[in-house]
Amino acid sequence: MNYTIDQLVDLESIRDVARRYCRGVDRLDIEEMKSAYWSDATDDHGTFAGNAWEFAEHCMVGHLRWRSTAHCIFNHTITLETDGRHARGEIYNVSYLYQKDADVLDTWHGRYLDLYQKRVGEWRILERVCVHEHTSSRAVDPMLIDVDKFRQGDFDRPADGRLIGP
């Protein structure tokens, strides 16, 4: 498909929304996570269905049971609507969540189904539905390296306005 420059900018802006969501939840950065949603957006995440900003606040507490999380997004299909203000997306997601008090890795497999909206030149999520495919938990043994020499997963969590990078 041939895209215009404006459409390519829109597609990349929408992908950035998805990345902000993931980084926000993984770094426990409430402002970054909220920046992925409009204030009147909704999120149906199974255990929570309602206002997306309230969902972000819910995650800041709920995700404390893990010492670190990594929301990995893969195939991200985006369809731009002809009105230039709406788009639909489907994102494949695998999240790795390391339990805080045990050497256990929880893994989530699923998809995000999104409706995006552009307001005053900015794209954000207007509606999200989280689809579950598979979850698992398993004990993990540390790698045979001196991991104590590395900064640990909670080093920059919560982010507290920390800039990206070292």
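Quick note: structure is the one above.
Rules used in this analysis
Positions within a chain are numbered from 1, following the residues in the order the chain's sequence is written. Totals for whole chains, interfaces and linings use every residue, but because this is a predicted model, local features are given only for residues with pLDDT of at least 70 and side-chain atom pairs only at 80 or more, for both listing and counting. To obtain the side-chain values, all non-hydrogen atoms of the structure were included, while hydrogens and water were left out. Runs of E in the DSSP output that reach at least two residues are strands. Runs of H or I that reach at least four are helices, and both are numbered from the N terminus. The globule rule is 2.2 Å times the number of residues to the power 0.38, and the radius of gyration it is compared with is taken over C-alpha atoms. Each residue's exposure class comes from its accessible area (1.4 Å probe, protein chains only) as a fraction of the maximum for that residue type: buried when under 20%, exposed when over 50%, partly exposed otherwise. Each pair of strands is called paired provided DSSP finds at least two bridges between the two strands. All axes are obtained by fitting lines to C-alpha atoms, using only the stretch in contact for helices, and the reported angles, taken between N-to-C directions, cover 0 to 180 degrees. Think of a salt bridge as a Lys or Arg side-chain nitrogen and an Asp or Glu carboxyl oxygen that are within 4 Å of each other.

1. Focus: the overall build of the protein
A tally of helices and strands in the protein yields three helices and six strands. Helices (α) and strands (β) of the protein occur, in sequence order from the N terminus, as α-α-β-β-α-β-β-β-β. Radius of gyration (C-alpha) of the protein: 17 Å, near the 15 Å computed for a compact globule of 166 residues. Taken along the three principal axes of its C-alpha coordinates, the protein extends 55 × 35 × 30 Å. Here the protein, with 166 residues, has 40% of them falling under the buried criterion.

2. What to know about the sheet that holds strand S3 (residues 66–80)
Picture the strands of a sheet paired through backbone hydrogen bonds; they go either parallel or antiparallel. If you trace the six strands from one edge of the open sheet to the other, you get S2-S1-S6-S5-S4-S3, paired in mixed fashion. Strand pairing shows two members of the sheet lacking a second neighbour, strand S2 (49–51) and S3, which therefore form its edges. Strand-to-strand twist across the sheet, computed as the mean angle between neighbouring axes with direction ignored, equals 20°. Bridge analysis of strand S5 (residues 104–119) against strand S6 (residues 122–139) gives 16 bridges, and the strand direction is antiparallel.

3. Side note on unusual backbone geometry
Of note, the phi angle at Leu28 is positive, near 55°, even though the residue is not glycine. Within the element layout of this structure, Leu28 appears in the loop between helix H1 (5–26) and helix H2 (30–34). The backbone phi angle of Val120 is positive, close to 45°, even though this residue is not glycine. Mapped onto the elements of the fold, Val120 is located in the loop between S5 and S6.

4. Quick look at the pattern of salt bridges
Any two side chains of opposite charge can pair, on the condition that their charged atoms come close. Inspection of the entire model under this criterion finds 14 salt bridges. For Lys118, the salt bridge goes to Asp10, with nearest N and O atoms at 3.0 Å. Taken together, the residues Lys118 in strand S5 and Asp10 in helix H1 connect sequence positions 108 residues apart. Taking the relative accessible area as the measure of exposure, Lys118 reaches 22% and is therefore partly exposed. Accessibility expressed as a relative area gives 11% for Asp10, which makes it buried. Of the charged contacts, one joins Arg19 and Glu12 as a salt bridge, the two residues approaching to 2.7 Å between their closest N and O atoms. The exposure class of Arg19 is partly exposed, given its relative accessible area of 38%. The structure contains a network of salt bridges with shared partners spanning Glu12, Arg15 and Arg19.

5. A closer look at the pairing of S5
Each regular strand carries side chains that alternate between the two faces of the sheet. Pairing between strand S4 (residues 86–99) and S5: 13 bridges, direction antiparallel. Each bridged residue has a counterpart across the sheet, and for Gly89 the counterpart in S5 is Asp114. Here S5 hands over to S6 after two residues, with Val120 in that stretch at a positive phi of 45°.

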